[in-house]
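Each chain, written out:
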Amino acid sequence: MHNVKTSIRFLGTGDSMGVPRVYCSCGVCSEARTTGHNRRLRSSILLRRGSEELLVDCGPDWRGQMEARGQRMVGNVLITHAHFDHIGGLPELADLCRWTDVQPDLYAPQEVLAIIRRQFPWVEGRLRFVEVESGMEMLGWSVTPFRVNHGKNGYSYAYRFQQGDIAWVYCPDSIALGEAEKRHMQELQLLILGTSFYKEEAEFHTRSVYDMEEACELVAELAPEETWFTHMSHDIDLNNLPELPEGIRLAWSGLELFL
Ligand SMILES: O=c1ccn([C@@H]2O[C@H](COP(=O)(O)O)[C@@H](O)[C@H]2O)c(=O)[nH]1
């Protein structure tokens, strides 16, 4: 298994409302309803290595994401935080487990599992809840959770995946990270970072996610080899890409990276 690559597939790259936003008729939302380049389901990635699989986040678009891939089951599941756009698909996954009699592991830090228990008490039992406080081995990677600032929405978690001297981080929902958080994001081959708007004008205390300008500053500081932005709102038009520094690109559903 030593040289087996891990596939990282984006199942969704949208912000909490997805694109199109139901209430909105802006150019990007209208395009998303037609040709669909900008159609973005709620953010989630699917990792695969050999026969093992790990879904990272299971939002309300999970069912459609599985159908779009013709996929009938997922392996285990890892959750970044217990906000609806990241866990809204868990009840449907639990129903699937009931009917197929499979019981995947659901990994998350204890405080995240506690909220999931409160929101969806019937899910435990169908999925095996496993606390990941200090880290664990998954798909041949050492996975370390670290708590990240989520602004007005509290805290989320990001995950650092390490295999020898190869490392990457998935951090879909964060803002204004401090030094302690950034220490987990050093010497990366790959950074997947959530950014909702290009330039968010709302007052800082009302915000919860990096905008692209701020995210570019963070990336310049961390200097990963490669960066992909995800968790993008209807402010971002994939048909009219913003100018971004070399090495930073915008992800789309179906994009597959290999590490
Ligand atoms: O306690 C909470 C607060 C918010 N939510 C949901 O989370 C997202 C917020 O999205 P951002 O990524 O911060 O933009 C939104 O869907 C809220 O409804 C929650 O579930 N629990």
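Identification of the protein chain as MBL fold metallo-hydrolase from Paenibacillus mesotrionivorans is taken from an unreviewed UniProt entry.

S.K.: How would you explain the pattern of salt bridges if you had to name every residue and give the values?
M.R.: If you walk through the whole model with that rule in mind, you get 14 salt bridges. Its salt-bridge partner being Asp 105, residue Arg 128 comes within 2.2 Å of it at the nearest N-O pair. Of this pair, Arg 128 sits in strand E6 (residues 128-131) while Asp 105 is found in strand E5 (residues 105-108), placing the two residues 23 residues apart along the sequence. Taking relative accessible area as the criterion, Arg 128 reaches 39% and is therefore assigned partly exposed.

S.K.: For the packing of aromatic side chains, give the residues involved together with the corresponding values.
M.R.: The final tally for this structure, using the stated rule, is four aromatic pairs. Ring centres 5.7 Å apart and planes at 70° place the aromatic pair Phe 120 and Trp 122 in the edge-to-face group. With a relative accessible area of 47%, Trp 122 lands in the partly exposed category. Where Phe 161 meets Trp 168, the ring centres are 4.2 Å apart and the plane angle is 10°; that geometry is what we call stacked. The class for Phe 161 is buried, based on a relative accessible area of 1%. Grouped by ring-pair contacts, the aromatic residues Trp 141, Phe 161 and Trp 168 constitute a single cluster.

S.K.: Kindly report on the environment of Trp 228, identifying the contributing residues and their values.
M.R.: Tracing the backbone through its elements, the reader meets Trp 228 in strand E12 (residues 226-230). With 211 residues separating them in the primary sequence, Trp 228 and Met 17 have C-alpha atoms 20 Å apart.

S.K.: Tell me about the site of the ligand, and please be specific about residues and values.
M.R.: Neighbouring the ligand are Ser 16, His 83, Phe 84, Asp 85, His 150, Asn 153, Asp 173, Ser 208, Val 209 and His 231. Asn 153 places a polar side-chain atom, nitrogen or oxygen, 2.6 Å from an oxygen atom of the ligand. Here an oxygen atom of the ligand and a side-chain polar atom of Asp 173 are 3.0 Å apart. Of the residues that constitute the shell around the ligand, the class distribution is two nonpolar, six polar and two charged.

S.K.: How would you sum up the nonpolar core? Please name residues and give values.
M.R.: Residues Leu 78, Ile 79, Leu 93, Ile 116 and Trp 168 are the most contacted members of the largest nonpolar core, which totals 50 residues. Ranked by residues supplied to this core, first place goes to helix H4 (residues 90-100) with five residues. Ignoring sequence-local partners within four residues, the contact set of Trp 168 consists of Ile 8, Ile 45, Leu 47, Trp 141, Tyr 159, Arg 160, Phe 161, Leu 188, Leu 190, Ile 192 and Leu 259. In this structure, Phe 146, Ala 167, Ala 215 and Leu 218 belong to the second largest nonpolar core, which totals 24 residues.

S.K.: Before we move on, can you summarise the pairing of strand E3 (residues 52-56) with the specific residues and values?
M.R.: With four of its five residues buried, E3 lies for the most part within the structure. Relative to E3, strand E2 (residues 44-49) runs antiparallel, the two sharing five bridges. When the bridges of E3 are listed, Arg 48 appears paired with Glu 53. The parallel pair E3 and strand E4 (residues 76-78) is bridged by helix H2 (residues 62-69), and the resulting crossover is right-handed.

S.K.: Tell me about H4, residues and numbers included.
M.R.: Every buried residue of H4 is accounted for by Leu 90, Pro 91, Leu 93, Ala 94, Leu 96 and Cys 97. Residues of H4 that are buried make contact with H2, E4, helix H3 (84-87), E5 and helix H5 (110-119). Positive backbone phi, at 60°, marks Asp 101, one or two positions downstream of H4.

S.K.: Run through the sheet that holds strand E9 (residues 155-163), naming residues and quoting values.
M.R.: Hydrogen bonds between backbone groups are what pair the strands of a sheet, and the pairing can be parallel or antiparallel. Here we have seven strands laid out as an open sheet, ordered E7-E8-E9-E10-E11-E12-E13, and mixed in their pairing. Two strands close off the open sheet at either side, each with one partner strand: strand E7 (136-138) and strand E13 (248-250). Neighbour-to-neighbour, the strand axes of this sheet turn through a mean angle of 25°, independent of strand direction.

Calculation criteria
The residue numbers shown here count from 1 along each chain, following its written sequence. Given that the model is predicted, a residue must reach a pLDDT of at least 70 before its local features are reported, and side-chain atom pairs must reach 80 or more before they are shown or counted; all residues, however, enter totals for whole chains, interfaces and linings. Neither water nor hydrogens contribute to the side-chain values; these are computed over all heavy atoms in the structure. Salt-bridge detection follows one rule: a side-chain nitrogen of Lys or Arg within 4 Å of a carboxyl oxygen of Asp or Glu. Runs of H or I in DSSP of at least four residues are treated as helices and runs of E of at least two as strands, each being numbered from the N terminus. For every residue, the accessible area (1.4 Å probe, protein chains only) is compared with the maximum for its type, and the residue is labelled buried under 20%, exposed over 50%, or partly exposed between those bounds. When two rings of Phe, Tyr or Trp (its six-membered ring) have centres within 6.5 Å they constitute a pair, described as stacked for plane angles under 30 degrees, edge-to-face for angles over 60, and tilted for the intermediate range. A molecule or strand has a residue near it when one of that residue's heavy atoms lies within 4 Å. In protein, a polar contact means a hydrogen-donor-capable atom and an acceptor-capable atom, both N or O and within 3.5 Å, with residues adjacent in sequence counting only if both atoms are side-chain atoms; elsewhere, any N or O pair within 3.5 Å suffices. Under the scheme applied here, ten amino acids are nonpolar (Ala, Val, Leu, Ile, Met, Phe, Trp, Tyr, Cys and Pro), four are charged (Asp, Glu, Lys and Arg), and all others, including Gly, are polar. Only buried residues count toward a nonpolar core. Its members are Ala, Val, Leu, Ile, Met, Phe, Trp, Tyr and Cys residues joined through side-chain atoms within 4.5 Å. Contacts are assigned to residue pairs with any non-hydrogen atoms lying within 4.5 Å of each other. One requirement defines pairing of two strands: DSSP has to find at least two bridges between them. Every crossover in which the path from the first strand over the helix to the second runs clockwise, viewed with the strands pointing away from the viewer, is termed right-handed. Note on method: axes are straight lines fitted to C-alpha atoms, helices fitted across the in-contact stretch only, with angles between N-to-C directions ranging 0 to 180 degrees.

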